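A look at the structure
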Amino acid sequence: MATSDAVLQVLSGAGPRSFSSDLCFNNLDLAFRSKHIKYVKKRASRHMKMFECSNVQQNCIGKHWFKRSGDGDLSVNATIKRLQLLRCKCQKAERVSGVTTEGGNGTWFVDGAKTLNLNGAVNTSGVLELGDTQQLMREKEVLTSNGSLNKEEESLATNGAVGTGRDASRKVSVNPTEEEAWELLRDSVVHYCGSPIGTIAANDPTSSSVLNYDQVFIRDFIPSGIAFLLKGEYDIVRNFLLHTLQLQSWEKTMDCHSPGQGLMPASFKVRTFPLDGDDSATEEVLDPDFGEAAIGRVAPVDSGLWWIILLRAYGKCSGDLSVQERIDVQTGIKMILRLCLADGFDMFPTLLVTDGSCMIDRRMGIHGHPLEIQALFYSALLCAKEMLAPEDGSADLLRALNNRLVALSFHIREYYWIDLRKLNEIYRYKTEEYSYDAVNKFNIYPDQVSPWLVEWMPNQGGYLIGNLQPAHMDFRFFSLGNIWSVVSGLATRDQSNAILDLIDAKWSDLVADMPLKICYPALEGQEWQIITGSDPKNTPWSYHNAGSWPTLLWQLTVACIKMNRPEIAARAVDIAEKRISRDKWPEYYDTKKARFIGKQARLFQTWSIAGYLVAKLLLADPSAARMLVTDEDPELVNAFSCMISSNPRRKRGQKNSKKPFIV
């Protein structure tokens, strides 16, 4: 890439905010009472870091670090110095009060100061603006004169519908599918120490094989968390964020079995054990899985990225910035960033990962630099930049973060983009070019352009390819990576519209009878055998191999709302609504047109349920999507324009002497 180090020297620009150093006694925080921690004995030849909670003493433990002494007793590892200990009383945390509308979509706050007008009601600290109050009173008088306002409605009108989203939602009639979805979502909630902490992956009463579907997965909980936020139920999301932070790996890698420092688990399970010496008493523990029990034994790269994205969404929606300002949360963010920004052998700004490290958690030929991870990485970097507290220890990290944002956005937009014009360009590539100004920088051979792509590419529209490595371009369309590139701003505005144009143009392939294809096309024949290892679950047009996943509805909806094209998402939701409840909310669908329920799909899959609910809630209140959308920093736009102007394929314009970036 024709860039110099100077172009990446972007000044950090985190804005000031109040920063709380009171870790244990903030009345908005979960209060954790320290009790004791121990390692549970090895089970199935693996170590489990667990957090214990006695149902007798009603005490829940924060995360201490212990090591086993020579005689087998547990002793404190004095070398571990943590800044704080999360403490709780095994009681339900105080609700963060907020103003909600009758649809359950609460008034959410931007940057803790600005308020966003939702359905015509702007509120700060639960007090309506004068104009809004007068309008409500006028409406009240009209309704009262018609004799149509009961006492409960009068109270809501007078007080601006202050209360929980669940209370307000009772006044709104919803369709049977939504009612069923909410009932199923609430039935999937997992409790720890008496408080909600997450949702299990699936609650299928017809399946005798549970496997790990009874665990709380970080990536699976994201749509559930967003649904609860939109409903004004913040406790479960807050608890999830803080408890998963406790499970984060704080120990550096000592051997091939220890998770890297800062790694978030793929999932966790609440287990119950009898207390030592008392058979009548039990304790609850959180048992995390960092991939050592997963199929393929691959650590999750996306868990920490999703955690950061949900953390920002929680602050935006609830207005409670105290969580992201906690020292332990700030430290957790920094550890995730340092893990992702660590120097290595790879010279690309994209993250180098192996197969199975994201939503596609089986061998599917996405090892290298898959688009899904890059889109989530970019989104998490922008969210972290917004939330990191300005302090001396963050300066170097913010500088590295900004540098990566510039390089990553340039790399993806320039080298991953494909449309009919770019396809013609690749078709005429010269190979074996050796120079800094080479056009075919990755030595892509024109024969890689597949016949299906030539026929499939529409005249209008384009997309970001699935992967890029030396002499290899994965031309498959991956839905999550492209959709989240739109949401995060990794794709330019023109590219974002072109991606939606392509989805619209190829509706029968990508949506068909049930949205949305996880990728297109499927690997078939000998290619399927070689790339997937003849995976019997990833047969063509099934599961990760071009199966259709209803959970992708919510991400499509956010992207369409951002680009002011909600009709595309509404059309997809209407299609899903016709079948998904009748089919018992399956995990995925099979065949090219998604006509069959997946052959091994779990029924009552939680993120299928939550994805549908989030799509419906956002279409009803599009302004709420802002908690997930990230806007590009002007400094990054300036730096990116400098990098584009340095590209030898583009005509160089007159240099702007005011630009602080040198190429």
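Thresholds applied
Residues numbered from 1 in each chain as written. Predicted model: local features only at pLDDT ≥ 70, side-chain atom pairs only at ≥ 80, totals over all residues. Heavy atoms only, no water. UniProt positions renumbered as here; feature names shortened; annotations may be inferred. Helix = DSSP H or I, 4+ residues; strand = E, 2+ residues; numbered from the N terminus. Contact = heavy atoms within 4.5 Å. Areas by Shrake-Rupley, 256 points an atom, 1.4 Å probe, with all protein chains shown as cover. Pairing = 2+ DSSP bridges. Salt bridge = Lys/Arg side-chain N within 4 Å of Asp/Glu carboxyl O. Buried < 20%, exposed > 50% of the residue type's maximum accessible area, 1.4 Å probe, protein only. Axes fitted to C-alpha atoms, helices over the stretch in contact; angles between N-to-C directions. Parallel < 35°, antiparallel > 145°, perpendicular 65-115°, else oblique. Nonpolar A, V, L, I, M, F, W, Y, C, P; charged D, E, K, R; others polar. Left-handed = near helix turned anticlockwise from the far one by under 90°. Arc of directions from axis to C-beta. Polar contact = N/O pair within 3.5 Å; in protein donor to acceptor, adjacent residues only side chain to side chain. Core = buried A, V, L, I, M, F, W, Y, C linked by side-chain atoms within 4.5 Å. Phe/Tyr/Trp six-rings, centres within 6.5 Å; stacked < 30°, edge-to-face > 60°. Expected span 1.5 Å × (residues − 1). pLDDT = per-residue confidence, 0-100.

As named in an unreviewed UniProt entry, the chain is Alkaline/neutral invertase, taken from Populus deltoides. Under the UniProt heading Sequence similarities (unreviewed entry), the entry covering the chain gives this text: "Belongs to the glycosyl hydrolase 100 family."

Of regular secondary structure, the chain possesses 21 helices and 21 strands. Within the chain, contacts between residues separated by at least 24 positions form 72% of all contacts whose residues are at least 6 apart in sequence. Surface exposure of the chain reaches about 28600 Å², of which carbon and sulfur atoms provide 51%.

A separate point is the sheet that holds strand 16 (residues 417-419). Hydrogen bonding along the main chain pairs the strands of a sheet, whether they run parallel or antiparallel. The strand order across the open sheet formed by four strands is 16-17-18-19, and the pairing between neighbours is antiparallel. Since the sheet does not close on itself, it has two edges, and those belong to strand 16 and strand 19 (519-520), each with one partner. Bridging between strand 17 (residues 462-469) and strand 18 (residues 472-478) involves four bridges; their strand directions are antiparallel. Residue pairing in the sheet places Asn 467 in a bridge with Asp 474 of strand 18.

Okay, the pattern of salt bridges next. All told, the structure shown has 19 salt bridges when counted by the stated rule. A salt bridge links Asp 396 to Arg 399; its shortest N-O distance comes to 2.9 Å. Residue Asp 396 and its partner Arg 399 are both found in helix 11 (residues 395-415); the two are separated by three residues, about one turn of the helix. Classification of Arg 399 as partly exposed rests on a relative accessible area of 40%. Note that Asp 583 and Arg 579 form a salt bridge whose closest N and O atoms lie 3.3 Å from each other. Exposure class is identical for Asp 583 and Arg 579. Each is buried.

Time to look at the environment of Pro 536. Looking at the element boundaries, Pro 536 is found in the loop between helix 17 (525-532) and helix 18 (553-562). Classification of Pro 536 as exposed rests on a relative accessible area of 58%. Excluding residues that lie within four positions of it along the chain, Pro 536 makes contacts with Lys 599 and Gln 600.

Contact pair helix 5 (residues 218-230) / helix 6 (residues 235-247): the axes reach a minimum separation of 9 Å and the direction vectors enclose 150°. On the basis of their axis angle, the class for helix 5 and helix 6 is roughly antiparallel. Across the interface between the two elements, Ile 218, Phe 221, Gly 225, Phe 228 and Leu 229 of helix 5 pack against Ile 236, Val 237, Phe 240 and Thr 244 of helix 6. Taken together, the residues of the contact of helix 5 with helix 6 sort by class into seven nonpolar, two polar and no charged.

The subject of this paragraph is the packing of helix 4 (residues 176-187) against helix 5. Helix-helix packing is described using two parameters, namely the angle between the two axes and the distance between the axes. Interhelical geometry of helix 4 versus helix 5 gives an angle of 115° and a closest axis separation of 12 Å. The element helix 4 and its partner helix 5 pack so that their crossing is left-handed. When helix 4 is examined against helix 5, the residues Trp 182, Leu 185 and Arg 186 are found in contact with a partner set consisting of Ser 224, Ala 227 and Phe 228. Class assignment of the residues belonging to the contact of helix 4 with helix 5 gives a composition of four nonpolar, one polar and one charged.

Right, let's talk about helix 12 (residues 420-427) for a bit. Here helix 12 has its buried residues at Lys 422, Leu 423 and Ile 426. Angular distribution of buried residues about the axis of helix 12 spans 105°; they occupy a single face of the element. Those residues of helix 12 that are exposed and aimed more than 90 degrees away from the buried face are Arg 421 and Tyr 427. In this structure, the buried side of helix 12 is in contact with helix 11, strand 16, helix 13 (451-456) and strand 18. Where helix 12 begins, one side-chain oxygen reaches toward the backbone nitrogen of Arg 421, 3.3 Å away; that side chain belongs to Asp 419.

Turning next to the nonpolar core. Counting 166 residues, the largest nonpolar core has Ile 226, Leu 229, Trp 307, Ile 333 and Tyr 463 as the members making the most contacts within it. Setting aside residues no more than four positions away along its own chain, Leu 229 makes contact with Tyr 234, Val 237, Leu 310, Ala 313, Tyr 314, Cys 317 and Met 627.

Let us now look at the pairing of strand 14 (residues 267-275). One ladder, built from two bridges, connects strand 13 (residues 216-217) with strand 14; its direction is antiparallel. Within strand 14, the position partnered with Phe 217 by the bridge is Ser 267. Bridge count for strand 14 against strand 15 (residues 278-289) is nine bridges, and the pairing is antiparallel. Considered in strand 15, the bridge of Thr 272 is made with Glu 284. Turn length for the strand 14-strand 15 hairpin, with the two strands adjacent in sequence and antiparallel, is two residues, and the turn residue Gly 277 shows positive phi of about 80°.

For the rest of this paragraph, the subject is the environment of Leu 352. Mapping Leu 352 onto the fold places it in the loop between helix 9 (327-341) and helix 10 (371-387). With 22 residues separating them along the chain, Leu 352 and Gln 374 place their C-alpha atoms 9.3 Å apart. Ignoring sequence-local partners within four residues, the contact set of Leu 352 consists of Asp 346, Gly 368 and His 369.

Below, the discussion takes up the packing of aromatic side chains. Taken as a whole and judged by the stated rule, the model has 21 aromatic pairs. Geometrically, the ring pair formed by Tyr 520 and Trp 541 is tilted, given 5.7 Å between the ring centres and 50° between the ring planes. Of the two residues, Tyr 520 sits in strand 19 while Trp 541 sits in the loop between helix 17 and helix 18, which places them 21 residues apart along the sequence. Neither Tyr 520 nor Trp 541 differs from the other in exposure class; each is buried. An angle of 55° between the planes, with centres 5.0 Å apart, marks the rings of Tyr 543 and Tyr 588 as tilted. In this pair, Tyr 543 sits in the loop between helix 17 and helix 18 while Tyr 588 sits in the loop between helix 19 (566-577) and strand 20 (589-590), placing the two residues 45 residues apart along the sequence. Three or more aromatic residues link up through ring pairs in this structure, and these residues are Trp 452, Trp 456, Tyr 463, Phe 477, Tyr 520 and Trp 541.

With that settled, the discussion passes to helix 15 (residues 493-505). In an α-helix, one turn spans 3.6 residues, which is why side chains three or four residues apart end up on the same side. In this model, helix 15 (13 residues) spans 18 Å end to end at C-alpha, consistent with the 18 Å of a helix rising 1.5 Å per residue. Taken together, the buried positions of helix 15 are occupied by Gln 495, Ser 496, Ala 498, Ile 499, Leu 500, Leu 502 and Ile 503.

Along the polypeptide, Ser 322 turns up in helix 8 (residues 322-325). One polar contact links Ser 322 to Asp 320, side chain to side chain, over a distance of 2.5 Å.

Our focus in this paragraph is the confidence of the model for the chain. Residues of the chain with pLDDT of at least 70 account for 69%, and the chain-wide mean is 78. Counted against residues more than four places away or in other chains, residues 54-171, with its pLDDT under 50, gives 234 contacts. Under a pLDDT of 50 for its full length, residues 651-663 has, in the predicted model, 22 contacts with residues more than four places off or in other chains.

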